[in-house]
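# Remarks on the overall topology
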Amino acid sequence: MTTYLTEDDIYRTSTQYRLWSFTPESLAALREQTHAAAIERAKKYLGHGNGTTGHSDGANGNCEGDGTVADCLTAEEELRLVQRYADQIRTTSDFFKWPVNVKATAVQYLHRFYLSNSTLTYPPRETYKCALFLASKTEGVHMTLSEYARRISTDAQLILAPEYKIIQALRFTLDVRQPFRGLKGALMELLNIAAGRGAVPQHSRTGKTGAELQTLMAELPGVADGDRSTWAAPAGAAAADPRVLADRAHVAYGVARQILDAPALLTDVYFLFTPPQIYFGALMLADSVLAGFYLSTKLALESPVRGKVLATIGACRDMLGAWSPQGVMSKEERAGLEARLERCRDPTTRDLVGAMAAEKRGGGDEGALDDGVAKRRKLEREKSMKEGEDLFGPSLPTVGNAA
Amino acid sequence: MTVSLEAHGKLPIFEAILAADLPAHEPHPPRSPIHVSHLVLDVRLPTFVSQLTISPPTMSRLAQSRAAPAAARPGDQDGELLQHSLSQLRFTDAQPEPDICPVCKSSRYLNKSMQFLVNPECYHKMCESCVDRIFSHGPNKCPIAGCNRTLRKHRFRKQTFEDIAVEREVDIRKRVAAIFNRREDEFEDLMDYNNYLNDVEDITFNLVNRIDVEENEKKLAAYAEQNSKSISANASLASQETQDYSALQAAEREQARLRRDTARREEEEERRARAEGRQDIINRLASGTASAEQIAQESRVTLKKRMDKKAAAERQRQLHAAAAAKDATNGSSGFLIKGLKTKKEVGPEKPFDAFGGLSFAKHDYCVLQDHYEWDWLNEVRGDVQIVAGGYDVQEFHQRALCDAFAGLGVFVGEEAAARDEAAMGPGAVKAAATAGAAGACTGAKDIKMEDPF
Amino acid sequence: MAVSNGLPSSEPPLVNQAEQLDQQERQKYVKGKKLGSGQYADVFSAHLVSDPSKLVAIKKIKVGPEVAEWGISHDSLREIKFLQELSHPNIIRLHSVFSTKSQNLNLVLEHLPQGDLLKLIQDVENIHYGPSDIKAWMAMLSRAVWFCHENFVLHRDIKPNNLLIAANGEIKLADFGLARSFADPYAHMTYNTITKWYRPPELYYQASFYSGAVDVWSVGCVFAELVQRKVFLPAMPDTDINMIGIISSTIGTPTEDNWPGVSKLRGYVPVEKKDVTPVKRKDQWEAEFRAVGPVGADLLMKMFALDPRKRLTARQILEHEWWTTDPKPSRLEDLPRKGGGLETMGEDLKRRGGELPSLGRGDKVARKLDFSTMK
């Protein structure tokens, strides 16, 4: 009895599917929850706008009670701030000329982190560099911390400080499935169809041969209005010229690739759709006619899931299309938000570096702790046993100072 | 009259009495011994009684009616009676062959080679000549007074045990075991097997001690009828096993012998070769065709070669021996199990599937081709540095196409919703995971204890 | 998390959901004794709080000096990343990951008490195995490697001490610290990977672009080691030059004839014509590996093709006919176990003086006297 795993099954084994896939409602609810918890907490360390400072030991008076609850960022603002820094990651990754998978992974790490943490607790300015560095490690780029720190003129320890927090917030799942390779796959197939060498699986009911597919492709109307592709059939060339068809595919690919780079990363599509749906959405946005044709070679008209697939892809396309570069926060707005954030952020997480060091010093290794205590106890036991034979009885137990 | 030794807490006196008078019939206790029984059965030898696992037999049903008032009686009476009953037992050693045949009264003195035979019908003993005389012409009645059983000549055999009761018991056990011959591995649980053995032992006990003989014989017959197939199968298995065992022993002896022979032969060879070599060297030195150094060199080389060959041969032999031993014993823990395990196979054994029952072959959406009209991709093939290292563009094709469709049919919205509904908090994590995996086969996957937020 | 030193925090730190789940995970397990300790991690035995019979192994990754350089090390990240995604009976199972208060990473792996394959191979005195056992082990290893490759993961550290044995005898591929995803075209990979004796020639020639064939070479080395019970290509000292030398002498010198393009590789070591060892022929392989028969020797030979393009892929290994020729692979329960020595000693010591060794369940089953053989 053989178990056949289809491509869909393979996707279902990934942690992205298992842990990081949501409905729009549950995603919103989660963010809501995180935000609410942060606000609750903020109320504790902030004043209520009338001077009372709640519980404050006032050691560093300037961060306590300066802000008010009203100063706290709204959920909307938080989201936009995170988005702003996601964009920042993109820029930085491009600066390092790292491959696109590092970029995508880093942005996803940031988004995932802020699903369960609020910017009030961890302002993104302090975490985005670490997210990018972490992504570089998991995606196989080998740049040392010192090199990285130097290139972006930041203190290495500052970069490293939230690493542990981030990986914890990621639930220790580090793989991010991405649509880029899939898009390349689509391009490869389209190119073969353009050259007359297309092939469809046996059980597919589109049942077309290579030549037929090529003809179909040639007969496609031009790029629809509203689509982003800039391709236009060159005048005078034969419609069925393979090079023309290939060209169309390449142009569509280029546009889609751009779409995957910016809007895809900056919106929530990774949480709501699977990578093939994402790139199909992008392809739809680029050249809907071509994408529709390509999809039709995969799913026959009678296929049961066809409707759902089309609808899903459509939804994704809309989401991608709705995004515009103007949506990204401007520098001024960011500065303004961050000033407010500075006043109302959680003070306990202000000094992550110091906290980490304290943790390592004070907490110590659990196992080591046990060993130390155990050893001491054992010595005490032995000592008391020896002294038990002593004429004057065992010595009085010393008060052990627990670490 | 032989006295049967106590068996399973049965009070010997009563048994002996009944055995003497009514050897084979259902012991309906006659009126007179009731009194005796009443007294005797009062003696509840506590240790034996506590080990009784079976329901009390018919005779002590009688005792039971008396037991209640009787139990009230104090213990000193028990002690006396116990002494009494024990003294009745003759814990003597096995009796030597009696010298006088009970039928013809001839003594061993007169006939040195007198043999006694018994018949399993009634276990009465008589000398060979009597058997010949009385039963050669056909079945006849047992000559012992009071025994009315019809006996046949061919059923007479030599008594194996000195105590006739043991002989009888063994015969009964043989008979029962021939019918109730289920094996341990036919039972799911050790407890079940032990229960089965217990039931069988109950029947045997009843038969041996002549309790409900008819009923038990009926049970035997019924079981034999119903399970005739399995009985014969098990019987053949048992005989097969004993055969295999002796075959295996013979094989081992053979092996040992062969090994000895080969070792001897090799020694011979080596001795001869060495002697020859030495002779050869002497000849060569004498005739002056080779110098001393050359000879020394050669001998070193041949010696090394021989050592290597021996080492290699030794290793191979070890591997072979291990393999042979493994195959002979089926790699299992013991030789006796050989036949049994294969019986459990359902139909013919399936051919070995190297892939372990997993396949990625089902492609819903695409057909993997080995060439795509994309220059960027194809240039890889031309780059020697890349391809000489073994980089395979085809692997990339496969991956790109797999990525292109892995999850196209997965509707995150629906499945996540189903998961969220099922997951009411972190408790129902398993349900969440399985809901998410609905429709997917779980061959390689093992959804674990993680839950979405 | 933040323990304050001087910072006002009379409120406990905000414990977010992830942290909660993390803590919950940590509390699920009761740590037991230390099973092993290395420079990179400590391994403890542990069991579920809810069910002490469910054993796991907890690998606590040590925070070493490389933290300053890298933060959390590459190896740990790689292990976590790939083990989280791969789920197969012949690959070690990562149940979960949690962290301790001092920010150490703890990996909860499945409990594999029977040690690794290297111990079985090296214990020539006590452990004996034959071609059926070799076949069973190789099948499991090949399946694990095939599954990795189907998921586009290169393991890059296959060797007998990374093949752990489960309680039921199954082989589990472990240690994904050197693993990585297959590379896209033109993407460089490091050639300094895989333990020396198991490394294929293309890596010695510093190829930056390679494929699953590197893992297949390691699998072949394990196969040969199983048969011969010694390392197949042991160059000592294990310098690159020595390794290339031993590969050449044992299998054949890579030349343009048997490996087109090899001379263009950066690390290629040209060899004089007279020093070229010809590639080992089929009959030589058969002679050296008689134990697995000519079909097995054929499979082995193809795993050691010098040109990585000609080497078998993991799938092709599983499609070879050796698996379906006689002898059949041993069943799991029949595979040799780590035994003799300390373990039996422990068993022996468990008994009290005067006790007979229990014959399995003999004492619990009523002794059946067999009267049927009496005449």
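Structure's up top.
First, a word on what this report is: a plain description of the structure on this page. Not measured: the values here are computed from a predicted model.

## Description of the overall build of chain B
Assigned secondary structure in chain B consists of 17 helices and six strands. Buried residues in chain B amount to 32% of all 453 residues. A sequence separation of at least 24 residues applies to 56% of the contacts in chain B between residues at least 6 apart. About 27600 Å² of surface is accessible on chain B, with carbon and sulfur atoms providing 55% of the total.

## Quick look at the pattern of salt bridges
Evaluation of the coordinates by the stated rule reveals 60 salt bridges over all chains. Between B:Arg183 and B:Glu241 there is a salt bridge whose closest N-O contact spans 3.0 Å. Separated by 58 residues along the polypeptide, B:Arg183 in the loop between α7 (164-179) and α8 (190-208) and B:Glu241 in helix α10 (residues 228-287) bring together distant segments of the chain. Each of the two residues, B:Arg183 as well as B:Glu241, counts as buried. A salt bridge links C:Lys34 to C:Asp42, with the nearest nitrogen and oxygen atoms 3.6 Å apart. Of the residues examined, C:Lys34 reaches a relative accessible area of 42% and is grouped as partly exposed. Using a relative accessible area of 10% as the deciding quantity, one classes C:Asp42 as buried. It is possible to trace a salt-bridge network through shared partners that takes in A:Asp87, A:Arg90, A:Asp94, A:Lys103, A:Arg257 and A:Asp261.

## Description of the interface of chain B and chain A
Counting residues at the interface gives 54 residues for chain B, matched by 60 residues for chain A. Of the roughly 5400 Å² buried at the junction of chain B and chain A (both faces included), carbon and sulfur atoms supply 62%. Inspection of the region where chain B meets chain A yields three salt bridges. A salt bridge links B:Glu373 to A:Arg197, with the nearest nitrogen and oxygen atoms 2.7 Å apart. At the level of secondary structure, the elements contributing two or more residues to the side of chain B that touches chain A comprise β6 (358-359), α13 (375-382), α15 (393-405) and α16 (412-422) of chain B. Broken down by element, the residue count for the side of chain B that touches chain A peaks at nine residues, all from α15(B). Along the lines of polarity and charge, the residues of the side of chain B that touches chain A split into 30 nonpolar, 11 polar and 13 charged. As paired strands, strand β1 (residues 3-4) of chain A and β6(B) are joined by two bridges and run parallel to one another. Note on β6(B): the bridge partner recorded for A:Thr3 is B:Leu358.

## Things to note about the pairing of strand β4 (residues 94-99) of chain C
Residue and element names in this part refer to chain C. When you tally the buried positions in β4, you get six out of six residues, the bulk of the element. One ladder, built from five bridges, connects β4 with strand β5 (residues 105-110); its direction is antiparallel. Its bridge partner being in β5, serine 96 is matched across the sheet by valine 108. In this antiparallel pair of consecutive strands, β4 and β5, the connection spans five residues, and glutamine 103 shows a positive phi of 65 degrees.

## What to know about the pairing of strand β2 (residues 41-48) of chain C
Residues and elements named next belong to chain C. Counting buried positions along β2 gives six out of eight residues, so the element sits mostly inside the fold. With six bridges connecting them, strand β1 (residues 29-37) and β2 associate as antiparallel partners. For valine 30, the partnering residue across the bridge sits in β2 and is histidine 47. Here β1 hands over to β2 after three residues, the two strands then running antiparallel side by side.

## Here's the deal with the packing of helix α5 (residues 100-116) of chain A against helix α6 (residues 124-138) of chain A
Residue and element names in this part refer to chain A. Two elements in contact, α5 and α6, have axes whose closest approach is 8 Å; the angle formed by their N-to-C orientations is 135 degrees. In terms of orientation, α5 and α6 fall into the oblique class. The chirality of how α5 crosses α6 is right-handed. Where α5 abuts α6, its residues Val102, Thr105, Ala106, Tyr109, Leu110, Phe113 and Tyr114 lie against Pro124, Thr127, Tyr128, Ala131, Leu132, Leu134, Ala135, Ser136 and Thr138. For the contact of α5 with α6, a count of residues per class yields 12 nonpolar, four polar and no charged.

## Focus on the packing of aromatic side chains
Ring pairs (aromatic) are described by centroid distance and by the angle formed between their planes. Evaluation of the coordinates by the stated rule reveals 35 aromatic pairs over all chains. Centroid distance B:Phe187 to B:Tyr193: 5.4 Å. Interplanar angle 45 degrees. Geometry classified as tilted. Among the aromatic residues, those joined into a cluster by ring pairs are A:Phe95, A:Phe96, A:Trp98, A:Phe133 and A:Tyr148. Directly above the aromatic system of B:Phe116 lies the positively charged group of B:Lys125, at a separation of 5.6 Å from the ring centroid. Stacked on the ring of C:Trp285, the Lys or Arg C:Lys280 has its end atom at 5.0 Å from the ring centre.

## A few points about the sheet that holds β1(C)
All names here are of chain C. In spatial order, the strands read β1-β2-β3-β5-β4; together these five strands make up an open sheet with antiparallel pairing. Strand pairing shows two members of the sheet lacking a second neighbour, β1 and β4, which therefore form its edges. Within the sheet, the average angular offset between the axes of one strand and its neighbour, ignoring direction, is 30 degrees. Each of β1 and β4 is contacted by helix α1 (residues 17-27), which is oriented at about 115 degrees to β4, the strand it contacts most. The strands that helix α3 (residues 74-85) touches are β3 (55-61), β4 and β5; relative to β4, the one it contacts most, it runs at about 140 degrees.

## Some words on the nonpolar core
One finds B:Phe405, C:Met138, C:Phe176 and C:Phe223 to be the most contacted residues of the largest nonpolar core, which totals 233 residues. In terms of residues, this core owes the most to one element, helix α5 (residues 131-150) of chain C, which gives 12 residues. Excluding residues within four positions of it along the chain, C:Phe223 makes contact with C:Ile134, C:Met138, C:Val292, C:Gly296, C:Leu299, C:Leu300, C:Met303 and C:Trp322. Counting 15 residues, the second-largest nonpolar core is a separate cluster that includes B:Phe116, B:Cys142, B:Leu151 and B:Phe156.

## Quick look at the sheet that holds strand β2 (residues 125-127) of chain B
All names here are of chain B. Ordered in space as β2-β1-β5, the three strands form an open sheet in which the pairing is antiparallel. Edge positions in the sheet fall to β2 and β5 (157-158), since each of these pairs with one other strand and no more. Of the strand pairs in this sheet, strand β1 (residues 116-118) and β5 are connected by two bridges, and their pairing is antiparallel. Each residue of the ladder has a partner; that of leucine 117, found in β5, is lysine 158. Against the sheet, helix α6 (residues 128-135) touches β1 and β2, its axis set at about 90 degrees to β2.

Cut-off values and rules
Residues numbered from 1 in each chain as written. Chains lettered and ligands numbered in written order. Predicted model: local features only at pLDDT ≥ 70, side-chain atom pairs only at ≥ 80, totals over all residues. Heavy atoms only, no water. Helix = DSSP H or I, 4+ residues; strand = E, 2+ residues; numbered from the N terminus. Buried < 20%, exposed > 50% of the residue type's maximum accessible area, 1.4 Å probe, protein only. Contact = heavy atoms within 4.5 Å. Areas by Shrake-Rupley, 256 points an atom, 1.4 Å probe, with all protein chains shown as cover. Salt bridge = Lys/Arg side-chain N within 4 Å of Asp/Glu carboxyl O. Buried area = accessible area lost by both parts, 1.4 Å probe. Nonpolar A, V, L, I, M, F, W, Y, C, P; charged D, E, K, R; others polar. Pairing = 2+ DSSP bridges. Axes fitted to C-alpha atoms, helices over the stretch in contact; angles between N-to-C directions. Parallel < 35°, antiparallel > 145°, perpendicular 65-115°, else oblique. Left-handed = near helix turned anticlockwise from the far one by under 90°. Phe/Tyr/Trp six-rings, centres within 6.5 Å; stacked < 30°, edge-to-face > 60°. Lys NZ or Arg CZ within 6 Å of the ring centre and 35° of its normal. Core = buried A, V, L, I, M, F, W, Y, C linked by side-chain atoms within 4.5 Å.

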